[in-house]
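# Observations on the three-dimensional arrangement
Okay, here's what each chain looks like letter by letter:
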Amino acid sequence: MAAGESSACHIVPTRDSNIFRLRVRLPSSEDATPELKSSTVVAGCTFHTFYWPARTSSGDRFGIHPSDPVLKADTKVSTHMVLLDKTGTPAPSIGIGKSVANPAGGFVLCATREEVKANCVVDNYFVVLCSVNAIPPWAPPSSSTENELPDLGHNLAMLWGKQELTDVSFDVGGESLGAHRVVLAVASAVFRAELYGPMAESNMASSITIQDMEASTFRSMLHYIYHGSLPDAGKIAVPSAVAEYQHLLVAADRYAVERLKKICEDKLYADGITVDSVVSMLELAEQHACSKLKARCFSFLADGDNFKVVATSGEYLRLMQSFPNLLAEARDMFKIPHEKPTIMDPGSHKKTRLC
């Protein structure tokens, strides 16, 4: 057992050197367990994992980040965490995870104690699946095979379009969508763990049900995975396109499809900010660590006329109460007096939170 580890929180390796499990004993009460941490080595670099038991209603938190100074400076790093359900299958719909917006390549996952107890605890333990992708500066460039990829990509897209040789299906919003396990596993560490992890046998014969997602969103994500591009949105009305990009960003973050997440963030940055949408965009950016989109929202609100309209809405006031750090940033940027926001009558405005 590595230094800093305990039986209450320890790392369990898997056959994939880039994937490991953080096994945590369920605390007996919300205030009885201190912060727990453990560490492991991936690609020659040390990564620390943390478990912070809930002290407030925000829920328990889990985190992972690299510790080596040279890694932060020279190595490209991406990390991801997802809770496993009682069968050992990744359950990305449990909790909220987001990449930490800094060069260290960290990740934080939040979930309420009730969620964890109801869905994840077996023999008083629950497990968080962690994935790390660290590319050191001395790694050979991947461009040597670029000339071969267009034909391969075309062939894969054709297979998916015709639904030929698919070996897994997903039930999403009442629709069944087929795909190829190996293609999804290459594109997403979450799919790789779900389809090839320790409990993958439970997903071999039947369709996998995806909760809290529209079929159109999941289909667009599959289209990107196979084609490297999104379906043409030019025929969709602008408000509908913005909503689709919002939901697609959530899906991409949920399944750790990082390039797709960036595409959605860039699209929303360019076309999605209005007086009516800026609050939901700011919440989306904060929940999913979209620093560029967050900066764009604050820049929009820096216009005095925009701020006057938005700052008096119930949605804005509720958002500032839910995310105190946003309130602090808004105060600093717009010189707002330090007064506690008053929450307007519930129901007077529609909710902005994306599921």
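Look a little higher up for the structure.
Residues numbered from 1 in each chain as written. Predicted model: local features only at pLDDT ≥ 70, side-chain atom pairs only at ≥ 80, totals over all residues. Heavy atoms only, no water.

### Quick look at the overall build of the protein chain
Defined as follows: Each helix is a run of DSSP H or I of at least 4 residues and each strand a run of E of at least 2, with the numbering of both proceeding from the N terminus. Buried means the residue's accessible area, taken with a 1.4 Å probe over protein chains only, is under 20% of the maximum for its type, while exposed means over 50%, and partly exposed covers the values in between. The contact criterion used is simple: two residues touch if any of their non-hydrogen atoms lie within 4.5 Å. Accessible areas in this description were obtained via Shrake-Rupley with a 1.4 Å probe; residue shielding takes into account the shown protein chains only.
Scanning the protein chain for helices and strands turns up 13 helices and twelve strands. Out of the 355 residues belonging to the protein chain, those deemed buried represent 46%. Summarising the internal contacts of the protein chain: among those between residues at least 6 apart in sequence, 62% fall at separations of at least 24. Counting every atom, the protein chain has about 18,200 Å² of accessible surface; 55% of that belongs to carbon and sulfur.

### Notes on the nonpolar core
Generally speaking, soluble globular proteins have nonpolar side chains that are buried together. In plain terms, the rule: In this text, buried Ala, Val, Leu, Ile, Met, Phe, Trp, Tyr and Cys residues form a nonpolar core when linked through side-chain atoms within 4.5 Å.
Counting 57 residues, the largest nonpolar core has Phe170, Leu184, Phe191, Phe218, Met221 and Tyr316 as its most contacted members. Sequence-distant contacts of leucine 184, that is, excluding residues within four places in its chain, are made with Val168, Phe170, Ala179, Phe191, Leu195, Leu222, Ile225 and Tyr226.

### A word on the packing of aromatic side chains
Put simply, the test is: Two rings from Phe, Tyr or Trp (for Trp, the six-membered ring) form a pair when their centres sit within 6.5 Å of each other. Planes less than 30 degrees apart are called stacked, planes more than 60 degrees apart edge-to-face, and all others tilted. Look at NZ for Lys and CZ for Arg. If either is within 6 Å of the ring centre and within 35 degrees of the ring normal, a charge sits over the ring.
Summed over the entire model, instances satisfying the criterion amount to eleven aromatic pairs. Considering the side-chain rings of phenylalanine 62 and phenylalanine 126, the 5.7 Å spacing of their centres and the 75° angle between planes classify their relative orientation as edge-to-face. Highlighted residues: phenylalanine 62 in strand E5 (residues 60-66) and phenylalanine 126 in strand E9 (residues 125-135), separated in sequence by 64 residues. In this pair, the class of phenylalanine 62 matches that of phenylalanine 126, namely buried. With centroids separated by 4.5 Å and ring planes inclined at 15°, the aromatic side chains of phenylalanine 191 and tyrosine 255 adopt a geometry described as stacked. Placement of the pair is phenylalanine 191 in helix H5 (residues 189-196) and tyrosine 255 in the loop between helix H7 (238-254) and helix H8 (258-271), with a sequence separation of 64 residues. Of the two residues examined, phenylalanine 191 and tyrosine 255, each falls in the buried class. Members of the aromatic cluster, joined through ring pairs, are Phe170, Phe191, Phe218 and Tyr255. Across the ring face of tyrosine 125, the terminal group of arginine 23 is positioned such that the distance to the ring centre comes to 3.8 Å. Above the plane of the ring of tyrosine 269 lies lysine 292, whose end atom (NZ or CZ) is 4.8 Å from the centre.

### Here we look at the sheet that holds strand E11 (residues 175-179)
To keep it simple, the criterion reads: Should DSSP find at least two bridges between two strands, the strands are taken to pair. Axis lines are fitted through C-alpha atoms, for helices just across the contact stretch, and the angle between N-to-C directions can take any value from 0 to 180 degrees.
Read from one edge of the open sheet, three strands run E11-E10-E12, paired in mixed fashion. At either margin of the open sheet sits one strand with a lone partner, and together these are E11 and strand E12 (208-210). Taken over all neighbouring pairs, the strand axes of this sheet differ in orientation by 30° on average, direction set aside. Looking at chain direction, strand E10 (residues 168-172) and E12 are connected through three bridges and run parallel. Bridging across to E12, valine 172 finds its partner in isoleucine 210. With respect to the sheet, helix H6 (residues 215-227) is in contact with E10, E11 and E12, its orientation differing from that of E11 by roughly 10°.

### Structural notes on H8
Quick note on the threshold: Given a helix with a known number of residues, its expected span is that number minus one, times 1.5 Å. When we speak of the arc, we mean the arc of directions from the helix axis to the C-beta atoms.
Counted at 1.5 Å a residue, the expected span for H8 with its 14 residues is 20 Å, and the 20 Å between its end C-alpha atoms agrees. The complete set of buried residues in H8 reads Leu260, Lys261, Cys264, Glu265 and Leu268. Along the long axis of H8, the arc covered by the buried residues comes to 140°, so they all point the same way. Of the exposed residues in H8, the ones pointing more than 90 degrees away from its buried face are Arg259 and Ala270.

### Details of H6
The end-to-end C-alpha distance of H6 is 18 Å, a good match for the 18 Å that 13 residues give at a rise of 1.5 Å each. Burial runs high along H6: ten of the 13 residues are buried. For H6, the complete set of buried residues consists of Ala215, Thr217, Phe218, Ser220, Met221, Leu222, His223, Tyr224, Ile225 and Tyr226. Once H6 ends, the next one or two residues include glycine 228, with phi positive near 75°.

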